[in-house]
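Remarks on the overall topology
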Amino acid sequence: MSAHLEPEVTSGEAAPRNATGGDWIIPVIAAGFATYYLFSIRDLVWEAKIAAVFVAVVLYALIAVFVVTVVVGLRRGALRVDFTPLWENAALFRVRGLLFLLAVLSVAALPWAGFTLSTFFFLLASFLWLEKMSPRMALITAASLAFGGYVLFIAILRTTFPLGPFELAARALTGL
Amino acid sequence: MEPSLGFVAELFAHALSYWWLILIATTIGIIIGAMPGFGSANTIIMLLPFTLAVDVDVAMIFMVSLFCASQMGGGITSILLNIPGNGGSAATCLDGYPMAKKGQGQQALVLSFVASTVGGMVTAGMSIFLLPYMARLAYYLHSVEMVVILLFGITLIASIASENMLKGLIAGFLGLLIGAIGADHIYSTPRGTFGALELYDGVPLIAVLIGVFAISEALIMMESRSVLSEAGMQIAKKAGWPETWEGVKMAFARWWLMIWTGIVGLIIGIVPGAGASIAAFVAYQQARLYSKTPELYGTGIPEGVIAPESANNGCASGDLIPLLVIGVPGGTTAAVMLIVMTYHGVQLGPRMFIQTPELGYGVFVTMLVAYGVMLFTTLPLTRYISKLILIPTAVLAPIIIAFTMVGSFAPRGYMFDLWLTLLFGVIGYVCRRTGYNVVAMLIGVILGPLLEANVMRALRISGNDPLVFFSSTVGNILWALLFISLFIPSFVAWRKKRGLRPQPVAGAVAGGGA
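Residues numbered from 1 in each chain as written. Chains lettered and ligands numbered in written order. Predicted model: local features only at pLDDT ≥ 70, side-chain atom pairs only at ≥ 80, totals over all residues.

On to the overall build of chain A. Counting secondary structure elements, chain A contains 5 helices and 2 strands. Its C-alpha atoms give chain A a radius of gyration of 25 Å, more than 25% over the compact-globule value 16 Å for 176 residues. (Helix = DSSP H or I, 4+ residues; strand = E, 2+ residues; numbered from the N terminus. Rg over C-alpha atoms; globule rule 2.2 N^0.38 Å.)

Have a look at this one:
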């Protein structure tokens, strides 16, 4: 599943070493969240916190086993510290970062642009910058998909998205 | 209370006369089943004006058909995009997506449809005749047993879905803790909410599902131009009718697997709250356990698609049994059905089978008809649906993000849920890149509230005695099985490692000793 599990290619006879580093993030998040959670329930009655305390204790125990495994692996030389598997290479990181940034911008624009326009601009920008589609093709594809989304999710399924200029104009014209 | 064959045939003819309604309901069901966030329960709620206005038997035909179809539809995106349409199809990703990547997406879809149909039909047929006896199963499982079953479920998923069991367990228990966010069930005190009012009802499951599966998958898939390998692309481009028949043959060559995994789903479905996600994983694990080639599971084999799909459709039948027999819904959709039936003045429980037996048994007869209709409408479409993954990833990924985000907004209408989805997208991405299983995390989030509710209930009943969790025979057997399931994989790995270690050559040893 992940590149970090791939053994390091070495020229000598030494045993291959797996990367560790990126896989510390989830245990750190888990330990931090468990601590915060336990703090947030400190004043509650016993019944209201017993299940969460049990889960948090098991989680701490699992993280402790993970830490021991990593420390032993590093000391024995079976593991090496390497964070690059998280982003693989700079070019791919830029592409993923751009896609995520566009998604964040489209969510931020949703309250005033509405579903149809924010989806249209998100798709248009993605097709132009990520797929390097011709502007005409990108425009037609993004417009068709955004309009299809409007018909399905807003006109038929009545999803209560904030209304933008397109939805307001469509409502004024069609009465829907 | 037991129905005669003539009575069942009469019900069958009645259900069949509504084929047009079943066709509409199954089409809607398959579409919403394939869309994360648009579950059958939400859709039935949206269509309440219709189900409340028509006669109760027509309403039941519509709801049951839609429910079965949504179970079947969930497998489509699991196979083609690695994004489960619902919790019950999360296990289908394990082998369905690798099959699609190899260019066998069409065969995988056919396997999924045929297994869903066979699993659903066999269990619906069984339910008709075993209804009164099977409902008693639910009486043996109280909150103590449910706690062990839920913990068993999470450890099982962590061990089967992950390459590294420790990381799978960390992801699963983190999911359980995330699932415990929100107001507690008894005192309504907010816990772990970071002060956000939107989290008082708990973490929205759909936002987690879409974040950890859809958003993270969209980010991951950007690493290559296509989801398919080069060879897979050539195979997928040529896919046509022969591939559909190949899928049908593959499925029926494993007919026994379809039947018994469907029954596993039925039994688990009867337990209120256990749900299709546990049923699918248990069936997958059992199929792997009894397989002659367990090491091939997870690499894209037909058995890995058949087992979870048959089980989650078997679970659909099981979900409805406690609803009809004791008036306790086995799942969310069954709960919505309960509301509709109560509105129409139907009295659920044993009395229903005396006063209106045609309604109780009619539910399962409708299932038989609905599955038949679905198979003949979906099979010809697989060759077109499977072409979805031929779209370049740079086009597919933004479309996935744009349209799945709708699903995370739709159930509650909060902008907060969209931001939460993006946050879980990042967490899902880190999990995938570093070997933490996102399926285990999702199942943890689903089971977290159930675990908590059952722990609290058991403690209240026992007067806060923690030993209550070891007070039942069924529970203790389940505890023993849980610990065995935790240690067996480590023991097998240790033995394998030991077996691979180079053995000292007899002569060398002798020489050394000399």
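The subject of this paragraph is the overall build of chain B. Looking only at helices and strands, chain B features 24 helices and 2 strands. Scored against the burial criterion, the 514 residues of chain B give a buried share of 56%. Within chain B, contacts between residues at least 6 apart in sequence are counted, and of these 80% link residues at least 24 apart. (Buried ≥ 20, exposed ≤ 12 C-beta atoms within 10 Å, placed from the backbone. Contact = placed C-beta atoms within 7 Å.)

Here we come to the domain arrangement of chain A. Accessible area lost upon the coming together of the parts serves often as the stated size of an interface. Per the domain assignment, the segments of chain A are domain 1 (17-87) and domain 2 (89-176). Relative placement of domain 1 of chain A and domain 2 of chain A: their C-alpha centres are 38 Å apart. (Domains from an automatic or database assignment.)

Another point: the UniProt feature "transmembrane region" (unreviewed entry) in chain A. Residue and element names in this part refer to chain A. According to UniProt, the "transmembrane region" (unreviewed entry) feature falls on residues 24-41, 53-78, 98-130 and 137-157. Taken end to end, residues 24-41 comprises 89% helix and 0% strand; its first and last C-alpha atoms sit 26 Å apart. Split by type, residues 53-78 is 92% helix and 0% strand. Its first and last C-alpha atoms lie 34 Å apart. (UniProt positions renumbered as here; feature names shortened; annotations may be inferred.)

Right, let's talk about the interface of chain B and chain A for a bit. With 50 residues of chain B in contact, the opposing surface of chain A contributes 59 residues. If you list the elements that add at least two residues to the side of chain B that touches chain A, you get α9 (165-179), α20 (393-409), α21 (415-434) and α22 (438-462) of chain B. Here the residues of the side of chain B that touches chain A are counted per class, giving 36 nonpolar, 6 polar and 8 charged. (Nonpolar A, V, L, I, M, F, W, Y, C, P; charged D, E, K, R; others polar.)

With that settled, consider the nonpolar core. General note: in soluble globular proteins, nonpolar side chains tend to be found buried as a group. Of all hydrophobic cores here, the largest spans 198 residues; its most connected members are Ile170, Leu177 and Leu442 of chain B. Residues lining this core come from more than one domain, with at least three contributed by each of domain 1 (17-87) and domain 2 (89-176) of chain A. Excluding residues that lie within four positions of it along the chain, Leu177 of chain B makes contacts with Phe33, Ala34, Tyr37, Ala52, Val55, Ala56 and Leu59 of chain A together with Gly448 of chain B. (Core = buried A, V, L, I, M, F, W, Y, C linked by C-beta atoms within 7 Å.)

Turning our attention to the packing of helix α10 (residues 205-221) of chain B against α22 of chain B. Residues and elements named next belong to chain B. In contact at an axis separation of 10 Å, α10 and α22 are set at 175° when each is read in the N-to-C sense. Relative to α22, α10 is oriented roughly antiparallel. Residues Leu205, Val208, Leu209, Val212, Phe213 and Ser216 of α10 form the contact with α22, whose own contacting residues are Val438, Met441, Leu442, Val445 and Ile446. Its residues assigned to classes, the contact of α10 with α22 shows 10 nonpolar, 1 polar and no charged. (Axes fitted to C-alpha atoms, helices over the stretch in contact; angles between N-to-C directions. Parallel < 35°, antiparallel > 145°, perpendicular 65-115°, else oblique.)

To continue, consider the packing of helix α2 (residues 46-76) of chain A against α22 of chain B. In the contact formed by α2 of chain A and α22 of chain B, the axes pass within 9 Å of each other and the chain directions differ by 130°. Between α2 of chain A and α22 of chain B, the crossing angle belongs to the class labelled oblique. At the point where α2 of chain A passes α22 of chain B, the crossing takes the right-handed sense. Residues Glu47, Ile50 and Ala51 of chain A of α2 of chain A form the contact with α22 of chain B, whose participating residues are Leu451, Glu452, Val455, Met456, Leu459 and Arg460 of chain B. Class assignment of the residues belonging to the contact of α2 of chain A with α22 of chain B gives a composition of 6 nonpolar, no polar and 3 charged. (Left-handed = near helix turned anticlockwise from the far one by under 90°.)

Within the chain, Glu88 of chain A stands out as a residue other than glycine whose phi angle is a positive 65°. By secondary structure assignment, the location of Glu88 of chain A is in the loop between β2 (79-82) and α3 (90-129). Accessibility expressed as a C-beta count within 10 Å gives 13 for Glu88 of chain A, which makes it partly exposed. In this model, Phe194 of chain B sits at a positive phi of 55°, which is unusual for a non-glycine residue. Note that Phe194 of chain B resides in the loop between β2 (190-191) and α10.

A word on helix α5 (residues 56-81) of chain B. Taking 1.5 Å per residue, 26 residues should reach 38 Å; α5 of chain B reaches 38 Å between its end C-alpha atoms and fits that length. Two residues or fewer past α5 of chain B, Asn82 of chain B is found with a positive phi of approximately 65°. (Expected span 1.5 Å × (residues − 1).)

Here we take up the environment of Thr84 of chain A. Mapped onto the elements, Thr84 of chain A comes out in the loop between β2 and α3. Sequence separation between Thr84 of chain A and Ala19 of chain A is 65 residues, and the spatial gap between their C-alpha atoms is 9.0 Å.

All names here are of chain B. Its 12 residues place the ends of helix α12 (residues 241-252) 17 Å apart at the C-alpha level, agreeing with the 16 Å of an ideal helix rising 1.5 Å per residue. Those residues of α12 not exposed but buried are Glu243, Thr244, Gly247, Met250 and Ala251. Take α12 and look down its axis: the buried residues cluster within an arc of 120°, on one side only. The exposed set on the far side of α12, more than 90 degrees from its buried face, consists of Trp241, Pro242 and Phe252. (Arc of directions from axis to C-beta.)

Another aspect to go through is the confidence of the model for chain A. All names here are of chain A. Chain-level statistics for chain A give a pLDDT mean of 85 and a share of 90% at 70 or above. Element-level pLDDT for chain A is lowest in strand β1 (residues 18-21), with a mean of 85, against a maximum mean of 95 in helix α1 (residues 25-40). Counted against residues more than four places away or in other chains, residues 1-13, with its pLDDT under 50, gives 25 contacts. (pLDDT = per-residue confidence, 0-100.)

Here we come to the environment of Ser65 of chain B. Residue and element names in this part refer to chain B. Tracing the sequence through the fold places Ser65 in helix α5. The spatial distance from the C-alpha of Ser65 to the C-alpha of Ile446 is 25 Å, given a sequence separation of 381 residues. In this structure Ser65 touches Ile22, Ala25, Thr26, Gly29, Thr366 and Ala370, once residues within four positions along its chain are discounted.

Residues and elements named next belong to chain B. With 89% of its residues at a pLDDT of 70 or more, chain B has an overall mean of 82. Per-element confidence in chain B is highest for α21, whose mean pLDDT is 94, and lowest for helix α24 (residues 506-513), whose mean pLDDT is 38. Between residues 504-514, whose pLDDT stays under 50, and residues either more than four places distant or in other chains, the model counts 1 contact. Note on the complex model: pTM 0.76, ipTM 0.89.

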